[in-house]
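Coordinate inspection notes
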Amino acid sequence: ATFTNCVVTDGEKEYGVEEYVSKRENSGVITVDGKQIVHNAAGLEKAINAGAKAVILAEGDYALRFTNNTNFNLNDMTIEGLGNVNLSISSSEAWYGRVQGSNVTFENIHFTSSVGATGKATYNNCTFDDWTICASSNNEETTFNNCTINGCLNTSTDFSSGDVFVNNCEIAKAEYSGSMTMNFVDCQIDEIIIWNANTNLTNCQVTTLDTSNVTNATVTIK
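This text gives an overview of the structure that appears in the document. (Residues numbered from 1 in each chain as written. Predicted model: local features only at pLDDT ≥ 70, side-chain atom pairs only at ≥ 80, totals over all residues. Heavy atoms only, no water.)

Inspection of the entire model under this criterion finds three salt bridges. The partner of E80 in a salt bridge is K35, with the nearest N and O atoms 2.9 Å apart. On the criterion of sequence distance, the pair formed by E80 in strand β8 (residues 78–81) and K35 in strand β5 (residues 35–38) is long-range, its members being 45 residues apart. Since its relative accessible area comes to 16%, E80 is described here as buried. Under the relative-accessibility criterion, K35 is labelled partly exposed at 30%. Here E175 ties to K173 by a salt bridge, and the two come within 3.4 Å at their closest N and O atoms. (Salt bridge = Lys/Arg side-chain N within 4 Å of Asp/Glu carboxyl O. Helix = DSSP H or I, 4+ residues; strand = E, 2+ residues; numbered from the N terminus. Buried < 20%, exposed > 50% of the residue type's maximum accessible area, 1.4 Å probe, protein only.)

What follows is the structure in structure tokens.
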């Protein structure tokens, strides 16, 4: 079933179709305004394999595992959580949960594991419990908007991450190194440890700023 520009009404109040459908698990493929509604991990993997470009996850717990033999990726895909959505990412290719894909967007997702993407990634209104890793290849950018990072925001010289943009986020710890530039705007950060990487801090509150390992990088505070 496909719904476009529709609402559900009980005679007094209108509801979005995605809200209504997400609470009623269905074995069929339900698409609302171009987004496929998914209720469990198997359904998410099925949607990815089918080439869905936009998915809404109904409230619940999900897991995705990427391996050397994985035949899917999340290229140009948006995964959005509706309600309390917990997602665990794992991978056989790295010590953190490495998402295979570029130009992937996550919205309203609670990541319960370490997570990172191989290419360009955008995270909107997401919460991270563990390591939060920026793009690991191809000099691709990573963006965080309105996120809460309870673990550690990290890049490493082991990878070739592109520039990182962090906007209006709460961060427990950020520790990073590499040739990219880290850009923080309107953030609250408990601790930053800079291992020789260019850093721009604009209108941020930082409790501890460790620049003792900076030799030829530039740290700009506005």
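This part is about the environment of G28. Here G28 shows up in the loop between α1 (17–22) and β4 (31–32). Between the C-alpha atom of G28 and that of G43, which follows or precedes it by 15 residues, the distance is 9.9 Å.

Here strand β14 (residues 121–124) runs beside strand β17 (residues 142–145); their pairing, made up of four bridges, is parallel. The partner of Y123 across the bridge, within β17, is F144. Bridge analysis of β17 against strand β19 (residues 164–167) gives four bridges, and the strand direction is parallel. Along β19, the bridge assignment pairs N145 with N167. (Pairing = 2+ DSSP bridges.)

Among the structural elements, S113 can be located in the loop between β12 (110–111) and β13 (116–117). The exposure class assigned to S113 is buried, which follows from its relative accessible area of 12%. Of note is the side chain of S113, whose polar atom sits 2.8 Å from the backbone nitrogen of I89. Apart from residues lying up to four places away in sequence, S113 is in contact with L87, S88, I89, D130 and W131. (Polar contact = N/O pair within 3.5 Å; in protein donor to acceptor, adjacent residues only side chain to side chain. Contact = heavy atoms within 4.5 Å.)

Here the focus is helix α2 (residues 41–49). Every buried residue of α2 is listed here: L44, A47 and I48. One face of α2 carries all of its buried residues, which in axial projection span an arc of 100°. Exposed residues pointing more than 90 degrees away from the buried face of α2 are listed as A42 and K46. Residues of α2 that are buried sit in contact with β5, β6 (54–57), β7 (60–66) and β8. G51 sits one or two residues past α2 and shows a positive phi near 85°. (Arc of directions from axis to C-beta.)

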